[in-house]
Amino acid sequence: MVDINKLVDTKASTQSKEVFWDQEVYDREIKNIFGRSWLFLTHECMLEKKGDFITTKMAEDSVIVTRHTDGSLKAFVNSCTHRGNSICSADSGNTKSFVCNYHGWVFSTDGKLVDVPLREKCYHDELDRESLSLKTIRVESYRGFVFGCFDETAPSLEDFLGDWGWYLDTWMVGAGEGAELVGPPMKSILKCNWKVPTENFVGDGYHVGWTHASALHVLGGELGGLAGNQAEMPFDELGIQVTTRHGHGFGVIDNAAIAIHAKRDEYAKYMEETIPKVAENLGEPRAKLFNGHWNCSTFPNCSFLYGTNIFKVWHPRGPHEIEVWSWVIVHKDMSDEGKREVVKQAVRSFGTAGTLESDDGDNMVQSTHVNRGNYTREGTMNSTMGQGYEGEHPDYPGIVGSSFIGETSYRGFYRFYQEMMSADSWDDIRANDEHWADCFPNKNYW
Ligand code: UNU
Ligand code: FES
Ligand code: FE
């Protein structure tokens, strides 16, 4: 039997293998984590005009996000309140209403039921349309990035992001006009648990030199020295790793923002012009981050690489499968030529068929499916790297690890994962706000 309260051991820095395989764990995740967290939906640039909509998923629920006639963003579940059919099968578009394909019920762009066929003759005008609106979802955006949340008692998106928002501002506002996503997203299916890629992006600096050795060797440049973990590099202080209150985190390789771009003249010029502006707007600590390469996850399932500029959501489809959706991040005030360059380079490295993307894919699948065995589904996984070499930092919020290569943000991700899996409500989680970082044993490291 699974003990949901003991999936993660924050002292030993281990996680039960059940987190990657067990159906009961997955069912609890859907309720406790995906049902209560802010989940990335889309970027506002894809919903500019009234009536614009996109469809996406919040875990396994299909949802519609719209720009309503009053100009506000709305989100609701894509399931008809008559017999439950989906009311929209398009990925995106512009519409005045959604008409269910089955019996023709009509919903407005804020999810209200506005009309049904034969309302007077066959329902005898007795249908209570008010109570048959689509299920609405909280929707808030941060710097144009739109998130949804099923839980009315959850904190605001800004509070949920917390210190992670301070880091995101580095490129979401630091560069003047901020950033947007280029879509529609590329989509593929990967037979892995959703947490394998999330943990990889949140804090796996360790795999970069090994899994991607050949790709980095071919690319050369700033990361060439990582290939095979062989060159004389300061592996013990190669940037930093950070975890924050709600499990969000990242790792930074200093001075390597655009390292994965093989062709990058425009981007290099843009960075050279922009770093001083970031320093002026946000100060030196974040200007330094701006010039670094980031691998990141926003809890629970939204990951991105800043610099490489791929932005992903891992939609769970049961414990052993995900849909990968990938957009490209571009700085709004970059030239069109520069944006095209960034899109091409992001797609060739971390698009659906990207070189580095396929390096990772097999590890993600094997790390999940190896756990199907009677022996292999038991026991634990280890994330102790750099434990004790991390703490509160004078310049950077959260808990900061001493190198890009470490597992600080793994530990932070799984710490919060366990907290959400165990907590009955957001009030229980809030009660722990002061003490969340106590499990990091050497908080005064810096
Ligand atoms: O594979 C990654 N997540 C990665 C690759 C991270 C940093 C640099 C290159
Ligand atoms: Fe890390 Fe095998 S060496 S999973
Ligand atoms: Fe990778």
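Residues numbered from 1 in each chain as written. Chains lettered and ligands numbered in written order. Predicted model: local features only at pLDDT ≥ 70, side-chain atom pairs only at ≥ 80, totals over all residues. Heavy atoms only, no water.

### Observations regarding the overall build of the protein chain
Line of reasoning, step 1. Helix and strand content of the protein chain: 13 helices and 22 strands.
Line of reasoning, step 2. For the protein chain, whose C-alpha radius of gyration is 22 Å, the value lies close to the compact-globule estimate of 22 Å for 446 residues.
Line of reasoning, step 3. When the backbone C-alpha atoms are referred to their principal axes, the protein chain occupies close to 80 × 55 × 40 Å.
Line of reasoning, step 4. Out of the 446 residues in the protein chain, the part that is buried amounts to 56%.
Line of reasoning, step 5. Once local pairs closer than 6 in sequence are excluded, the contacts in the protein chain between residues at least 24 apart make up 67%.
Line of reasoning, step 6. Of the roughly 19000 Å² of accessible surface on the protein chain, 47% is carried by carbon and sulfur atoms.
Line of reasoning, step 7. Taking the 43 positively charged and 65 negatively charged side chains of the protein chain as two groups, their mean positions are separated by 5 Å. (Helix = DSSP H or I, 4+ residues; strand = E, 2+ residues; numbered from the N terminus. Rg over C-alpha atoms; globule rule 2.2 N^0.38 Å. Buried < 20%, exposed > 50% of the residue type's maximum accessible area, 1.4 Å probe, protein only. Contact = heavy atoms within 4.5 Å. Areas by Shrake-Rupley, 256 points an atom, 1.4 Å probe, with all protein chains shown as cover. Lys, Arg positive; Asp, Glu negative; His and termini not counted. Charge placed at Lys NZ, Arg CZ, Asp CG, Glu CD.)

### Details of the pairing of strand β19 (residues 322–331)
Line of reasoning, step 1. Summarising burial for β19: 10 of the 10 residues are buried, a large majority.
Line of reasoning, step 2. Residue alternation in β19 divides its side chains into two sets, Ile-322, Val-324, Ser-326, Val-328 and Val-330 and Glu-323, Trp-325, Trp-327, Ile-329 and His-331, and both sets are buried.
Line of reasoning, step 3. Both strand β13 (residues 179–190) and β19 contribute to a ladder of 9 bridges, which runs antiparallel. Residue pairing for β19: Ser-188 is matched across the bridge by Val-324.
Line of reasoning, step 4. Of the pairings in the sheet, the one linking strand β18 (residues 310–316) to β19 comprises 7 bridges and is antiparallel in character. Each residue of the ladder has a partner; that of Trp-314, found in β19, is Val-324.
Line of reasoning, step 5. In sequence, β18 turns back onto β19 through a hairpin of 5 residues, with Gly-318 there showing a positive phi of about 90°. (Pairing = 2+ DSSP bridges.)

### Concerning the environment of Asn-193
Line of reasoning, step 1. By secondary structure assignment, the location of Asn-193 is in the loop between β13 and α5 (195–203).
Line of reasoning, step 2. For the pair Asn-193 and Gly-318, spaced 125 residues apart in sequence, the C-alpha to C-alpha distance is 7.9 Å.
Line of reasoning, step 3. Aside from chain neighbours lying at most four places away, what touches Asn-193 is Val-19, Phe-20, Pro-319, His-320, Ile-322 and Thr-368.
Line of reasoning, step 4. Within the local environment of Asn-193, its side chain forms a polar contact with the backbone oxygen of Val-19, the two atoms lying 3.4 Å apart. (Polar contact = N/O pair within 3.5 Å; in protein donor to acceptor, adjacent residues only side chain to side chain.)

### Brief notes about the site of ligand 1
Line of reasoning, step 1. As a structural note, the neighbourhood of ligand 1 is formed by Asn-200, His-207, Val-208, His-212, Leu-223, Ile-253, Ile-260, His-293, Leu-305, Phe-350 and Asp-360.
Line of reasoning, step 2. Side-chain polar atom of His-212 to an oxygen atom of ligand 1: 2.9 Å apart, as the coordinates give it.
Line of reasoning, step 3. Within the complex, 100% of the 260 Å² of free accessible area of ligand 1 lies under protein.
Line of reasoning, step 4. A breakdown of the residues in the shell around ligand 1 according to their chemical character gives 6 nonpolar, 4 polar and 1 charged. (Near = heavy atom within 4 Å. Nonpolar A, V, L, I, M, F, W, Y, C, P; charged D, E, K, R; others polar.)

### Let's talk about helix α8 (residues 265–282)
Line of reasoning, step 1. Taking 1.5 Å of rise per residue, the 18 residues of α8 would be expected to cover 26 Å, and the 25 Å separating its terminal C-alpha atoms lies within 8% of that figure.
Line of reasoning, step 2. When we look at burial in α8, the residues that qualify are Glu-266, Tyr-267, Tyr-270, Met-271, Thr-274 and Val-278.
Line of reasoning, step 3. On its buried face, α8 is in contact with α4 (163–172), α9 (284–290), β17 (302–306), β19 and α10 (336–350).
Line of reasoning, step 4. Count one or two residues on from α8 and you reach Gly-283, which has phi positive near 95°. (Expected span 1.5 Å × (residues − 1).)

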